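These are the residues of each chain, in order.
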Amino acid sequence: MGHSQPQNEIRVNEEQPHQCNNVARRGALACIVNTEVGAVLAVMRRNARWAGHYMSGDDQLEYSLIHSLKALRRKIFGLQQEWHSINPSVYLKPFLDVICSDETGAPITGVALSSIYKILTMEVFDLNTVHVEDAMRSIVDAVTSCRFEVTDPASEEVVLVKILQVLLACMKSKNSIVLSNQDVCTIVNTCFRVVHQAGTKGELLQRTARHSMHELVRSIFARLPDFDSAAACTSGVESSSIMFNSHVDDSGKESGEDSHKDRNFDNGIADSDSSKKSLSSTLTLDGSFTANSKAELNDKMVDSSIGEKILVADLGVLTDPYGVTSIIEIFHFLCSLLNIVETVGLGTGSNHLALDEDVPLFALGLINSAIELGGSALGKHPKLLALVQDELFSNLIQLGLSSSPLVLSTVCSIVLNLYHHLHGHLKLQLEAFFTCVILRLAQGRYGASYQQQEVAMEALVDFCRQPTFIFEMYANFDCDVTCSNLFEDVCNLLSKSAFPVNSPLSAMHVLALEGLIAVIHSMADRVNAASSLPEPAPVREIEEYEPFWTVTCDNYEDPTYWVPFVRRKKYIKRKLMIGADHFNRDTKKGLEFLQSIHLLPEKLDPQSVACFFRYTCGLEKLLVGDFLGNHDEFCVQVLHEFTKMFDFVDMNIDTALRTFLETFRLPGESQKIQRVLEAFAEGYYEQSPQILANKDAAFVLAYSLILLNTDQHNAQVKRKMTEEDFIRNNRRINGGKDLPRELLSELYHAILSNEIRTSYDQNLAIPEMTPSRWIDLIRKSRKTPPYILCDSRPFLDHDMFSIISGPTIAAMSVVFDHAEDEDVSKECVDGFLAVAKVSACHRLEDVLDDLVASLCKFTTLLNPSASIEEPVLAFGDDTKARMVTVAVFTIANRFGDYIRNGWRNILDCIIRLHKLGLLPARIASDAADDPELANDSIHGKVSSGGLSMSHIPSIGTRRRTSGLMGRFSQLLSLDSDEPRTQPTEQQLAAQQRTVQTIQQCRIDSIFTESKFLQAESLLQLTRALIWVASRLQKGNSTEDEDTAVFCLELLIAIALNNRDRIMILWQGIHDYIAGIVQSTGMPCALVEKAVFGLLRICQRLLPYKENLAEELLRSLQLILKLDARVADVYCERITQEIMQLVKTNAGHIKSPIGWRTVVSLLSITARHPDASEPGFEALSFIMADGAHLTRANYVLCLDAARSFAESRIGTTERSIRALDLIAVSVKCLVQWSKTDSHAFMVVGFSQEDTSKSSQEVGDMWLRLVHCFGKVCIDPREDIRNHAILSLQQCLSAAEVIYITPSTWSQCFDQVIFTMLDDLLEIAQGHSRKEYRNMEYTLQHAMKFLSKLFLQLLDQLYSLSNFRKLWIGVLSIMEKYMKAKLRGKGSEKLQELIPELLKNMLLILKARGVLVQKSTVNGDSLWEMTWLQIQGISPCLKAECFPDQDPEDEPDPKSKVSEEDAAAGYEADVNDGSQVKQEKGEN
């Protein structure tokens, strides 16, 4: 207990700050209220009436209004409870009483309204305050029932403004959520009446009223997204606009002393005959404003808005907190304002708001505000959506055709907002709006003014700027067989509107251009967003008929489903349009055509034909009507099926008939008309049997309507049918009874005011939107496929762009050509680049080629001119030309992969720049030429080639010099030989702009980066270069030749930059170079570039392209075909290039053809004084040590080496070196022979393969022997003697090479014997000056023969023709023995031969080869030997065989001992040394 007191004290201390805050807030709010009380009392004191009551001091006489205010002042500071627990009515009621009093003047009422406004805006009470609902409703009731005396117009306007302020503050207050649906509708209704009343007041009030109405609508619809979509569906409201009739004030007319001066006010709308202000005026059907009771005028408003009977509303819904129900009513009210606009007349005494623009603009502005704030939430509430789909859109289409551009602009803005928020729910509505309004007006036809056309075009461009608009138009309309080609129509309209036909460029042309470019840019943006763009699969052909009219997609949200579906639908639609065209020309053939393409079944059925008539656009309505009215049974069946496709449920018969007859033209024959109307009557009666007794009644009534329509709207009918006549004519047609008179009267007036059109103008491409057509559209919209929503992925862009690319490029080109404004030109260029981007990404090569061809015409580079300076300066001064030139080369660099024929146009521009000397220096280079350039290319940099002011031609020079620096240096030259014109600043500036433009073009990148081009584009670029160069090659001027060389340089650069893909280019390049080589008879720059370019290509590509090596090397044969005069000039350089090729690529030359070509070129150089040295160097590189000798090139190299050995162009030393190369090459034969043996014994090669390989080696050995044999008869002594020694060495090496017997025979018969005979013949027949020391050569030859024979005796003896071979040796020796030589040489030879022969006989004897043997015929070896020796030295037999007896003859098969053989070989060697010594002495 002792601690309880301190705890309580602590609690009190803690609560004191909170209590202090509450007291402070309560005091502050009380001060606010007190201030407002004082303000109202102060104004009341100024009025004589209220001042008298106040001054009397008699409490009984004190007026109640003042009393309540005084009481509030006394009470307000004495309130002790929490402020939120105070009922707001305590401090609101005195002010509201003043507002509602009809005895207060306008100033007093205005102050009271200001006080309420202050209390609301300063949040004197909030949602936590008790009875806040009652407080808010009391404010609404009081303000909407405001009454006051009018003292002057200004004060009246002030009060009306403050009424608007308070009502708007109510809706913007946080407390507005407690207002009921009824309250909100009353606020809107009151504000709208103030708007009407303001029409006769000042401008400030008018603007304030309208602004307040807009703000009110915005504040209401801003809350729509927060409301539950189910709220409106479950509401009990049965009719729209009911709540605008629920607030009724039956208060009577108040009397007063100054009643003759006062006026009665109802929402500020005045009536001059009334004495009070009341809130009960509204807009009536005729457009005039009257003052009546609220109930009566509200009824008129509602009737004018919805045109139907008002039902009693559920009172519970009226008192619920406001939500979707009230928003539906308000939105319907706003839509109904558009209906009122349609019926308002333009009388002279009508209100200002009823003028042609003012009323619809105000209504449209409110609707636009509602849509902007409501947004997509409108689509979540079925009733709101239904209002948008039907009533709102119908009115928008009608207002869109208004003559007012401002109204049209507002309508288009609303539709744009609707598209943005609700396009998924407005498929057919959007189609109707574009077809009947936008496209109709934008064409400038059908009576549209230029202003309307411009506004419509602006709206169309705005739509085109929406990211997905054009794609959704295409997917939903162009790909739907029942809809129009909206996308195509829009793009065609933009393209045509952009063409300045026989007129200068106008704002309309530029506007249409913006639309086209917006379409292209949207496609380009989608290309950026897509990660990859696969090629669209071709649409499957129609193989059999299917009822495609009713086929739907399985999933309209998944692109994998709907994309192929709509593409196929578009394919069918295209075929269908072709079929419709056939049908319009011949009905029967048209149907047969449709059957042939499977769009109709093989056996026609009525339903399929009826679907074709019902849903196909573009059919001739007259032909359709004739077909349907035909008496043929099939046609009658089609007619009935056709009728079943219409929805006549709950439709008036005249509307149904209009809908029916709008699809075809009613035939003129009465019988056909009867059949058509019978079918219609049957279909109508089946669907709407409410009033009609049977189908006959429907038929008679329909026929009667047709007759009435003809009677009323045919100018030839003089006496028109009256209403009574019509009713009388239709008596007892309804099953013997009369139809309701009201129905007939309504039908009569409907036909009278709106003709049923039974014929239509086929030239009218855009039909009007009639009420019956709108009803049919709304019914179709319930069955139409869902609206396809497109995202940023370009699923259909390929098909779309294929349609519009041609007209778009043409339109932009024409506009660019006519454009004088730089901004328009830039816009066109941006469009061109976007077209190129889309074309490339969708692989539309033809489109890109057309674009490039079109742009190249604008560069002015292709225009012929007399001098060089003129185009350079003109180019620098022409902004458009420079812009488009940059664009052309930007396209070539960025999108070159997809350029095909366009390369020719680009190359024409490049060639023109080349002729002008404006190209970078390195344009024809390849990356490998310059390491720095190659490094830059690797890192993505592009060398500009150093183009500068020095590279452009100078002013005042007569012709272009060869160097870029030289051309500009002439500009500053002071040479007095030629008069010079100094360039002006403008000319220098033009040149500078030209340089900058060429640098921006990055022309060199086209060729240096060609390795990144796709194969097909690269091939086309190469072909284009060849085509251009071939065309220039035919020219005779030096400039043409120079340009042809330039083209060839580019071609070579492309080949070198694309070594990995040279296979696809090589044939064209080779053929072109071959044409140059074979057609050129004199040295020139072109053939020089061709030859050395070919060699350069081979040098660079051989290491990388083994599969192309043979082709590359074979191409060098073109050099062999050069004209002799050309070849002679370039032989040395060619040889140097070949030498370089051999040194760097010898290992890559493997084919016989390749080696044949290379070695042939080297062989030719042996006879050229300047080229022989590098040629021999190259050959030495190949043959030295056998480094690069192969079986493929061995024989070829032997022949080439022999050519150098025989050539007398070089020194003797080089010929000997050539012989040494031949001699050393035998080592390769030995090595190959060993390899073959090893392969047979170890590796396991077959005997056949080994024998074949050995035979090849033997043939090469024989060829080597042949080579030496040829050189052995050389006129030069040293050469032939060295050749004989080398031949001896090579023949000796045959011991380790497998040589076949036949090869040995060939060796002696074709080489050795022939060589010896030739030597002897030369020695006898030529002078010593020609062949010096031939006697010693003959001696050497004899020793060579003797030694060779003895060395090879074992191999030769085994030959079958050994006898013949031996006799041949003896014959040669005999010839030499008997030869008569000039000089003393024959004596030594005659001495030498017997000695050599003796030595040979002794060895033959020792080996048992030569033994005594006699035959009957005397043809034994023994006998033939001695017979032959008789002519040489008869005494040799006795010397060699002194004691030879037959019994002592050795066995021929016995072998010579090693000692005898060694002795024989030693003797031979000594003989050879002796010969050399004798030669040296001589």
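Each value, and the rule that gives it
Along each chain, numbering runs from 1 in the same order as the chain's sequence is written. Totals for whole chains, interfaces and linings use all residues, but because this is a predicted model, local features are given only for residues with pLDDT of at least 70 and pairs of side-chain atoms are given and counted only at 80 or more. Side-chain metrics in this entry use all non-hydrogen atoms of the structure; hydrogen atoms and water are not considered. Secondary structure elements are taken from DSSP: a helix is a run of H or I of four residues or more, a strand is a run of E of two residues or more, and numbering for both begins at the N terminus. Three exposure classes are used, based on accessible area relative to the maximum for each residue type with a 1.4 Å probe and protein chains only: buried under 20%, partly exposed in between, and exposed over 50%. Here, residues are in contact when the closest pair of their heavy atoms is within 4.5 Å. Throughout, the Shrake-Rupley method with a 1.4 Å probe supplies accessible areas, and for residues the shown protein chains are the sole cover considered. What we call a nonpolar core is a set of buried Ala, Val, Leu, Ile, Met, Phe, Trp, Tyr and Cys residues that are connected through their side-chain atoms within 4.5 Å. Within the patch definition used here, like charges are joined within 9 Å and nonpolar side chains (Val, Leu, Ile, Met, Phe, Trp, Tyr) within 5 Å, considering only residues with over 30% relative accessible area and no salt bridge. Criterion for a salt bridge: a side-chain nitrogen of Lys or Arg within 4 Å of a carboxyl oxygen of Asp or Glu. We count Lys and Arg on the positive side and Asp and Glu on the negative side, and we leave His and both chain ends out. Lys charges are placed at NZ, Arg charges at CZ, Asp charges at CG and Glu charges at CD. Confidence scores here are pLDDT values: one per residue, from the predictor, ranging 0 to 100. Angles here are taken between N-to-C directions and fall from 0 to 180 degrees, while the axes themselves are lines fitted to C-alpha atoms, restricted in helices to the stretch in contact. Each angle is binned into one of four classes, with values under 35 degrees roughly parallel, values over 145 roughly antiparallel, values of 65 to 115 roughly perpendicular, and all other values oblique. Helix crossings fall into two classes, left-handed where the near helix is turned counterclockwise from the far one by less than a right angle and right-handed where it is turned clockwise. Residue type decides the class: Asp, Glu, Lys and Arg count as charged, Ala, Val, Leu, Ile, Met, Phe, Trp, Tyr, Cys and Pro as nonpolar, and the leftover types, Gly among them, as polar. Helix span, as expected, comes to 1.5 Å for every residue beyond the first. Any pair of Phe, Tyr and Trp rings, taking the six-membered ring for Trp, is counted once the centres come within 6.5 Å. Such a pair is stacked with planes under 30 degrees apart, edge-to-face with planes over 60 apart, and tilted for the rest. Pairing of N or O atoms within 3.5 Å defines a polar contact, subject to two protein rules: one partner must be a possible hydrogen donor and the other a possible acceptor, and residues neighboring in sequence count only if both atoms are side-chain atoms.

### Regarding the overall build of the protein chain
- A tally of helices and strands in the protein chain yields 64 helices and four strands.
- Across the 1482 residues in the protein chain, those meeting the buried criterion constitute 54%.
- The long-range share in the protein chain, meaning contacts at least 24 apart out of those at least 6 apart in sequence, stands at 75%.
- Working note: accessible area of the protein chain is about 65,000 Å², and carbon and sulfur atoms make up 50% of it.

### Things to note about the environment of methionine 769
- Examined against the element boundaries, methionine 769 turns out to sit in the loop between helix 31 (741-753) and helix 32 (771-781).
- You can call methionine 769 buried: its relative accessible area is 12%.
- When the C-alpha positions of methionine 769 and glutamine 398 are compared, they lie 8.2 Å apart, and in sequence the two are 371 residues distant.
- The contact partners of methionine 769, leaving out residues within four places of it in the chain, are Ile397, Gln398, Ala432, Cys436, Trp774 and Leu777.

### Section: the nonpolar core
- Ranked by internal contacts, the top residues of the largest apolar core, which has 400 residues, are Phe331, Ile910, Trp1261, Trp1366 and Tyr1376.
- Residues contacting tryptophan 1366, with those up to four places away along its chain left out, are Phe1349, Leu1397, Met1400, Leu1401, Leu1404, Leu1421 and Thr1425.
- Counting residues in each nonpolar core, the second largest holds 65 residues, with Ala610, Leu657, Leu666 and Phe699 among its members.

### Section: unusual backbone geometry
- Its identity is not glycine, yet histidine 131 carries a phi of approximately 55°, on the positive side.
- Relative to the elements of secondary structure, histidine 131 occurs in the loop between helix 5 (106-121) and helix 6 (132-144).
- Looking at histidine 131, the relative accessible area reads 43%, which means it is partly exposed.
- The phi dihedral of asparagine 1333 is positive, around 55°, even though this residue is not glycine.
- Here asparagine 1333 is to be found in the loop between helix 57 (1301-1325) and helix 58 (1334-1351).

### Quick word on a negative patch on the surface
- Together, Glu541, Glu543, Glu544 and Glu546 make up a negatively charged patch on the protein surface.
- Structurally, glutamate 544 can be placed in the loop between helix 21 (507-529) and helix 22 (559-585).
- Of the residues examined, glutamate 544 reaches a relative accessible area of 63% and is grouped as exposed.

### A look at the confidence of the model for the protein chain
- Overall, the prediction assigns the protein chain a mean pLDDT of 80, with 81% of residues at 70 or greater.
- Predicted confidence is poor over residues 343-355, with pLDDT under 50, and the contacts of this stretch with residues over four places away or in other chains come to 22 contacts.
- pLDDT under 50 marks residues 930-945. Its contacts with residues more than four places away, or in other chains, come to 19 contacts.

### Thoughts on the packing of helix 49 (residues 1124-1145) against helix 51 (residues 1172-1183)
- Close contact between helix 49 and helix 51 brings their axes to 8 Å; oriented N to C, the two are set at 15°. In this view, helix 49 runs roughly parallel relative to helix 51, as classed from their interaxial angle. The interaxial crossing formed by helix 49 with helix 51 has left-handed handedness. Contact with helix 49, carried on its side by Thr1135, Gln1136, Met1139, Val1142 and Lys1143, involves Pro1174, Gly1175, Glu1177, Ala1178, Phe1181 and Ile1182 of helix 51 and no other residues of that element.
- Looking at the contact of helix 49 with helix 51 residue by residue, the class counts come to six nonpolar, three polar and two charged.

### With respect to the pattern of salt bridges
- The full count for this structure, using the stated rule, is 43 salt bridges.
- In this structure, arginine 614 and aspartate 776 form a salt bridge, with 3.6 Å as the shortest nitrogen-oxygen distance. Placement of the pair is arginine 614 in helix 24 (residues 606-615) and aspartate 776 in helix 32, with a sequence separation of 162 residues. No difference in accessibility class separates arginine 614 from aspartate 776, as the two residues are buried.
- Residue glutamate 641 is joined to lysine 644 by a salt bridge in which the shortest nitrogen-to-oxygen separation is 3.9 Å. In this pair, glutamate 641 and lysine 644 both sit in helix 26 (residues 633-644), three residues apart, roughly one turn of the helix.
- Through salt bridges with shared partners, one network takes in Lys172, Glu215 and Arg218.

### Regarding the packing of helix 6 against helix 7 (residues 153-172)
- Contact geometry of helix 6 with helix 7 gives a least axis separation of 10 Å together with a crossing angle of 155°. In terms of their interaxial angle, helix 6 and helix 7 are classed as roughly antiparallel. Remark: the crossing between helix 6 and helix 7 carries left-handed chirality. Where helix 6 abuts helix 7, its residues Met136, Ile139, Val140, Val143 and Thr144 lie against Ile163, Val166, Leu167 and Cys170.
- The class makeup of the residues in the contact of helix 6 with helix 7 is eight nonpolar, one polar and no charged.

### Observations concerning the environment of leucine 844
- Locating leucine 844 in the fold gives a position in the loop between helix 34 (822-841) and helix 35 (845-856).
- For the pair formed by leucine 844 and tyrosine 898, sequence separation is 54 residues and the distance between their alpha carbons is 7.3 Å.

### A look at helix 52 (residues 1194-1206)
- The terminal C-alpha atoms of helix 52 lie 18 Å apart, and with 13 residues this matches the ideal 18 Å at 1.5 Å per residue to within 8%.
- Burial in helix 52 covers these residues: Tyr1194, Leu1196, Cys1197, Leu1198, Ala1200, Ala1201, Phe1204 and Ala1205.

### Details of the packing of aromatic side chains
- Within this structure, the stated rule accounts for 44 aromatic pairs.
- A ring pair is formed by tyrosine 419 and phenylalanine 463, whose centres lie 6.0 Å apart and whose planes are at 70°; its orientation type is edge-to-face. Placement of the pair is tyrosine 419 in helix 16 (residues 405-422) and phenylalanine 463 in helix 18 (residues 450-464), with a sequence separation of 44 residues. Of the two residues examined, tyrosine 419 and phenylalanine 463, each falls in the buried class.

### What about the environment of glutamine 1390?
- Mapping glutamine 1390 onto the fold places it in helix 61 (residues 1385-1406).
- Judged by relative accessible area, glutamine 1390 falls into the partly exposed class, the value being 28%.
- Considering only alpha carbons, one finds glutamine 1390 and methionine 1373, 17 residues apart in sequence, at a separation of 9.6 Å.
- Not counting the four nearest positions on each side in its chain, glutamine 1390 is found in contact with Met1377 and Ala1379.
- Of note is the side chain of glutamine 1390, whose polar atom sits 3.4 Å from the backbone oxygen of methionine 1377.

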